[in-house]
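Overview (structure and organization)
Listed below, chain by chain, are the residues.
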Amino acid sequence: MAKNKYRFVCQSCGYITAKWLGRCPECGGWDTFAEEAESPVKTKSYLPENAGKVKPKPLASIAGSSVKRMATGIREFDRVLGGGLVPGSLVLLGGTPGIGKSTILLDAGLRFSRQGIRVLYVSGEESEEQTAMRAARLGGSKDTLLIMTATDLDAVLLQAKEAAPQILIIDSIQTMYNSELPTAAGSVGQVRECTAKLLQFAKTTGIAVMLIGHVTKDGNIAGPRLLEHMVDVVLQFEGDRSYSFRVLRALKNRFGSTSESGIFSMEEGGLQEVANPAGLFLEDRNGEAAGSVIGVCMEGNRPLMVEFQALVSRTPYGMPRRTAVGFDYNRVNMLLAILEKRLGLDFGAFDAYVNVVGGMRVGEPAADLAVAAALVSSYRNRPVAKDVLVFGEIGLTGEIRRVSAPERRIADGINLGFKKFIVPAGRLQNAYAGVQIVQVKSLEQALQYILD
């Protein structure tokens, strides 16, 4: 009997080497290598008995047939999925601990069960009693929702074959263990092989499988990058646990668009969808204050009004501080450099702090003009009117560049009561009555209208 060969695999990125290394040359992580068998035992096949009788089919005979999606009833969740869950698909949901991954999938399982869809919810982290307590808080379930606690993947797939559910939920993939591998649960090899088994199971049985994945400190899904390539849909649950709002995004979707997003609010009864989030972060805004400007960003295909706050104060230190919360730190430094070079403002003796209200993270360049206006407003101690809405990208030469969907941003702003819009110069397809639309080409021109 031949001995298995062993190799060392980085548990952060999956880099393989023949000998142990203290530092991974691929991702730079220290002490991340673990020993794994190079040739694992051949895994058990879950192909149907008539696999040899399957024959290729003409594309024309398949294209006419439509796939019926399974809608959860959570409209924000269904929108991100592309209209519902596709039978036989493999979906991966990632997010930081405590963000609500288990809650939203259990809630989806409960809603599926109320429609008569059979669901098997497998938890490797909580007991059956704990899962039942969370289900009771979310509103109870029907007999079509089955729960079990297990970490042995072979036992899970055996029960899934016997129960024959339409949906299988695994919480989480890092807790699943394949006994055919000598490594610990959660290692790169275990995550890869367990996902491969679940992929084969989903495609051969037509059962939709939904996985929960942990994330690293950098916000990436734990395990090898191959994991994201294997699955059909990759969803990311984002948000700050200090706030009640959560954003669900699709990073990959073979059955729909990746430009959609869902907004949720964490309440006592679980996650509640926010159907109209346009003015969600403006509810607590009181009066006019220097350094506060309202901008509009696109979350998927929907505009979202966000308050950008800036504080510019004289520094007590030799080196001024630059701090950004919810906005790119490097972009704040770039905007400060543009303001100094193009407008002659001196920020060298002042600390600058930028904050996006509500715990939102904004990475869209259309927020540049709002952040720059907030910085100048605080610097000059001149408040901006409450009914002013701004958006636009700022170039290094100080020009204001056009952004996507300006008409949609303006239309939602009008619905929320804004009267004055500072927007990049360009041809607007719609005419707006009763509001002032100011089209600007330079940062200096824009600030004159904003602070006037």
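See the structure shown above.
The written sequence of each chain sets the order in which its residues are numbered from 1. Owing to the predicted nature of the model, reporting of local features is limited to residues with pLDDT of at least 70; listing and counting of side-chain atom pairs is limited to 80 or more, with chain, interface and lining totals taken over all residues. Calculation of side-chain values draws on the structure's entire complement of heavy atoms; hydrogens and water are dropped beforehand.

1. Focus on helix H9 (residues 368-380)
Taking 1.5 Å per residue as the helical rise, H9 with its 13 residues ought to reach 18 Å, and the 18 Å between its terminal C-alpha atoms agrees with that figure. In terms of burial, H9 is a largely internal element, eleven of the 13 residues being buried. Any residue under 20% of the maximum accessible area for its type is buried, any over 50% is exposed, and the rest in between are partly exposed; the area is computed with a 1.4 Å probe on protein chains only. Helix numbers and strand numbers start at the N terminus; a helix is a DSSP run of H or I with at least 4 residues, a strand a run of E with at least 2. Those residues of H9 not exposed but buried are Asp368, Leu369, Ala370, Val371, Ala372, Ala373, Ala374, Leu375, Val376, Ser377 and Ser378. At the C-terminal side of H9, Asn381 shows a positive phi close to 55°. Given a helix with a known number of residues, its expected span is that number minus one, times 1.5 Å.

2. Quick look at the pattern of salt bridges
What counts as a salt bridge is simple: a side-chain nitrogen of Lys or Arg found within 4 Å of a carboxyl oxygen of Asp or Glu. In this structure the tally under the stated criterion is 16 salt bridges. As a salt-bridge pair, Arg331 and Asp368 come within 2.8 Å of each other at their nearest N and O atoms. On the criterion of sequence distance, the pair formed by Arg331 in helix H8 (residues 329-343) and Asp368 in helix H9 is long-range, its members being 37 residues apart. The partner of Glu364 in a salt bridge is Arg409, and the shortest N-O contact between them spans 2.6 Å. Taken together, the residues Glu364 in the loop between strand E16 (350-356) and H9 and Arg409 in helix H10 (residues 406-415) connect sequence positions 45 residues apart. Using a relative accessible area of 0% as the deciding quantity, one classes Arg409 as buried. Through salt bridges that share partners, Glu76, Arg79 and Arg302 make up one connected network.

3. A closer look at the sheet that holds strand E6 (residues 145-149)
Paired strands are those between which DSSP finds at least two bridges. Strand order in the open sheet made by the nine strands is E6-E5-E7-E8-E4-E9-E10-E11-E12, with mixed pairing throughout. Each end of this open sheet is capped by a strand with a single partner; those strands are E6 and strand E12 (270-273). Across the sheet, the axes of successive neighbouring strands diverge by a mean angle of 25°, strand direction being ignored. Relative to strand E8 (residues 208-213), strand E4 (residues 90-95) is paired through five bridges, and the arrangement is parallel. Residue Gly94 lies in a different strand from E8, and its bridge partner there is Gly213. Sitting on the sheet, helix H6 (residues 188-205) touches E4, strand E7 (167-171) and E8, and the angle it makes with E8 is about 160°. Geometry is summarised by axes, namely lines fitted to C-alpha atoms with helices restricted to the contacting stretch, and by angles between N-to-C directions that run from 0 to 180 degrees. Contact criterion: two residues are considered in contact whenever any of their non-hydrogen atoms come within 4.5 Å of each other.

4. Let's talk about the packing of helix H3 (residues 101-114) against helix H4 (residues 128-138)
Relative to each other, H3 and H4 sit at 70°, their axes nearing to 10 Å. When the axis of H3 is compared with that of H4, the two are roughly perpendicular. Here H3 runs over H4; the crossing is right-handed. Every residue of H4 that contacts H3 at Ser102, Thr103, Leu106, Asp107, Leu110 and Arg114 is listed here: Thr131, Arg134, Ala135, Arg137 and Leu138. Note on residue categories: nonpolar means Ala, Val, Leu, Ile, Met, Phe, Trp, Tyr, Cys or Pro, charged means Asp, Glu, Lys or Arg, and polar means any other residue, Gly included. Considered class by class, the residues forming the contact of H3 with H4 number four nonpolar, three polar and four charged. Here is the rule for angles: anything less than 35 degrees is roughly parallel, anything more than 145 is roughly antiparallel, 65 through 115 is roughly perpendicular, and the remaining ranges are oblique. What makes a crossing left-handed is the near helix being turned counterclockwise from the far one by less than a right angle; a clockwise turn instead makes it right-handed.

5. A look at H3
Its 14 residues give H3 an end-to-end C-alpha distance of 20 Å, which sits within 8% of 20 Å, the value for a rise of 1.5 Å per residue. Most of H3 sits inside the fold, with twelve of its 14 residues counted as buried. Within the span of H3, buried status applies to Lys101, Ser102, Thr103, Ile104, Leu105, Leu106, Asp107, Ala108, Gly109, Leu110, Phe112 and Ser113. At the C-terminal side of H3, Gly116 shows a positive phi close to 85°.

Any link to function would need more than the numbers given here.
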